[in-house]
Amino acid sequence: MGDSKLYTGYGDRGYTQTVHNKHIAKSDDLIHLLGTLDEFTSSLGVAKAQLHDKALYSDIEAVQKKMVGLMGELAGGEPSVTEACVRAVEELTDKYQPRGFSGFTLPGKNLVSAQLDLARTVVRRAERIAAKLLPMGKIHGVTFTYLNRLSDLTYAFACYAAEERRPQIPAAPGSAEVLTLGLAKEIALAVEKRAEELGKQVVVAIVDDGGTLMLLHAMPNAFIASRQIAQDKAYTAVSLKMPTHVALAESRGGTLDGLTPTDSNKLMLLGGGEPLIIGGNVAGGLGVSGGTAEEDIAFARFGAMYLEGRLNL
């Protein structure tokens, strides 16, 4: 690195530079557009960091990489966006647009979907800035079209993420069709390690496909109350065959409208319960308790995806 610094002595005095302009005001619309696209890329990154859907993760990352070329183009570099890029985004939008699409849906069904909806609003803002630059010849027409299509794609991403899809993939040849105690221990230890990295103390509970407790794993200093809560989350996830935070949403006007804790009060409609999938079937349930609702959801998803990776699904 030598003596190079990331900062300058006077904060650039409100100016920056592009390939062809060495002294351009940071308030210029072109710089505003570049900064907005940087914000868009970062917003996608927040959503991507919470994802367990490998296909969606890969497609979002491809968009992020394309943004590097687009921003280079806008800064005066070589053209990056072509008509083929526009068609590729349209095809990707068709892939993720939900069936029976009938218009706008309210953002916020889950964290990933909400972050992708936020990214959509950022790229919409980029499109509005680009609309001012287009008549001045500062961006190409195909680039403007591309930005318009990106907002549609990001919305399709958000709709897809809101559906909490889990692909029904056949088990790997020779793999078990049941959740074994050995696998349950591996999942619990993986979640514990993840919680330790984040400075959290949680309880992990795993039940079999009939809702019977297989394993209860409490980290030191975890809340005593979390032991029963984690078990109830695991039971709920396997009983309803869906994540517990999804069950909560569905109990409020959805397919489970009016559902309340029943079955000896074992149903727990708090985030942090995930069904465990083996061979495309629900083989058990995982419950995590001890953090915030968002943290418990993330830990439970991490455990469920650990199982998928462990079985090479």
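Residues numbered from 1 in each chain as written. Predicted model: local features only at pLDDT ≥ 70, side-chain atom pairs only at ≥ 80, totals over all residues. Heavy atoms only, no water.

Going by an unreviewed UniProt entry, the chain carries the name Corrinoid adenosyltransferase and comes from Candidatus Avimonoglobus intestinipullorum. Taken verbatim from the UniProt record of the chain, the Sequence similarities (unreviewed entry) comment is "Belongs to the Cob(I)alamin adenosyltransferase family." (UniProt positions renumbered as here; feature names shortened; annotations may be inferred.)

## Here we look at the overall build of the chain
Helix and strand counts for the chain come out as 9 helices and 6 strands. Scored against the burial criterion, the 313 residues of the chain give a buried share of 44%. For the chain, the share of sequence-separated contacts (at least 6 apart) that also reach a separation of at least 24 residues comes to 70%. (Helix = DSSP H or I, 4+ residues; strand = E, 2+ residues; numbered from the N terminus. Buried < 20%, exposed > 50% of the residue type's maximum accessible area, 1.4 Å probe, protein only. Contact = heavy atoms within 4.5 Å.)

## Focus on the sheet that holds strand 5 (residues 273–278)
An order of 4-3-6-5 is seen for the 4 strands of this open sheet, with the pairing classed as antiparallel. Because the sheet does not close on itself, it has two edges, and the strands there are strand 4 (213–218) and strand 5. Neighbour-to-neighbour, the strand axes of the sheet open up by a mean angle of 20°, direction not taken into account. Inspection of the sheet shows strand 5 paired to strand 6 (residues 281–289) by 6 bridges, in the antiparallel sense. Paired with Ile278 across the strands is Asn281, a residue of strand 6. (Pairing = 2+ DSSP bridges. Axes fitted to C-alpha atoms, helices over the stretch in contact; angles between N-to-C directions.)

## Focus: helix 2 (residues 54–74)
Counted at 1.5 Å a residue, the expected span for helix 2 with its 21 residues is 30 Å, and the 30 Å between its end C-alpha atoms agrees. Residues of helix 2 that are buried include every one of Leu56, Asp59, Ile60, Val63, Gln64, Met67, Leu70, Met71, Glu73 and Leu74, and no others. The buried residues of helix 2 occupy an angular sector of 160° when the element is viewed end-on, so they sit on one face. Exposed and oriented more than 90 degrees from the buried face of helix 2 are Lys54, Lys65 and Val68. Considering only its buried residues, helix 2 is in contact with helix 1 (29–49), helix 3 (83–96), helix 4 (111–133) and helix 5 (141–162). (Expected span 1.5 Å × (residues − 1). Arc of directions from axis to C-beta.)

## What about the packing of helix 1 against helix 2?
Two elements in contact, helix 1 and helix 2, have axes whose closest approach is 10 Å; the angle formed by their N-to-C orientations is 165°. Between helix 1 and helix 2, the angle falls in the class roughly antiparallel. Read as a crossing pair, helix 1 and helix 2 show a hand that is left-handed. Of helix 2, the residues touching helix 1 (which contributes Leu30, Leu33, Leu34, Leu37, Asp38, Phe40, Thr41, Leu44, Gly45 and Lys48) are Tyr57, Ile60, Glu61, Val63, Gln64, Met67, Leu70, Met71 and Leu74. (Parallel < 35°, antiparallel > 145°, perpendicular 65-115°, else oblique. Left-handed = near helix turned anticlockwise from the far one by under 90°.)

## Considerations on the pattern of salt bridges
Counted according to the given criterion, the structure contains 13 salt bridges. Residue Glu39 pairs with Arg125 through a salt bridge whose shortest N-O separation is 3.1 Å. In this pair, Glu39 sits in helix 1 while Arg125 sits in helix 4, placing the two residues 86 residues apart along the sequence. The salt bridge partner of Arg120 is Asp117, with a shortest N-O separation of 3.4 Å. Here Asp117 and Arg120 lie together in helix 4, a separation of 3 residues that amounts to about one turn. Of the two residues, Arg120 and Asp117, both sit in the buried class. Three or more residues joined by partner-sharing salt bridges are found here, namely Lys48, Glu61 and Lys65. (Salt bridge = Lys/Arg side-chain N within 4 Å of Asp/Glu carboxyl O.)

## A short note on the nonpolar core
Of all hydrophobic cores here, the largest spans 43 residues; its most connected members are Leu33, Leu37, Phe40, Leu116, Tyr146, Leu150 and Phe157. Elements with a contribution of two residues or more to this core: helix 1, helix 2, helix 3, helix 4 and helix 5. No other element matches the 10 residues that helix 5 contributes to this core. Other than its neighbours up to four places away in sequence, Leu116 contacts Leu44, Ala47, Ile60, Thr154, Phe157, Ala158 and Ala161. Leu183, Val204, Met219 and Leu286 belong to the second largest nonpolar core, which has 22 residues in total. (Core = buried A, V, L, I, M, F, W, Y, C linked by side-chain atoms within 4.5 Å.)

## Observations concerning unusual backbone geometry
Positioned with a positive phi, Asn221 is a non-glycine residue whose angle comes to about 70°. With respect to the helices, strands and loops of the structure, Asn221 is situated in the loop between strand 4 and helix 7 (225–240). The residue Lys241 is not glycine, and still its phi comes out positive at about 55°. Looking at the secondary structure, you find Lys241 in the loop between helix 7 and helix 8 (244–250).

## Structural notes on the side chain of Glu192
In this fold, Glu192 is placed in helix 6 (residues 181–197). Lys193 provides the closest opposite charge to the buried, unpaired Glu192, separated from it by 11 Å. Every residue in contact with Glu192, bar those within four places of it in the chain, is listed here: His217 and Met219. (Lys, Arg positive; Asp, Glu negative; His and termini not counted.)

## Brief notes about the packing of helix 2 against helix 5
Contact geometry of helix 2 with helix 5 gives a least axis separation of 12 Å together with a crossing angle of 160°. What the angle tells us is that helix 2 and helix 5 run roughly antiparallel. The chirality of how helix 2 crosses helix 5 is left-handed. Two secondary-structure elements touch here, helix 2 through Leu56, Asp59, Ile60, Val63, Lys66, Met67, Leu70, Glu73 and Leu74 and helix 5 through Thr143, Tyr146, Leu147, Leu150, Leu153, Phe157, Tyr160 and Ala161. A per-class count over the contact of helix 2 with helix 5 returns 13 nonpolar, 1 polar and 3 charged. (Nonpolar A, V, L, I, M, F, W, Y, C, P; charged D, E, K, R; others polar.)

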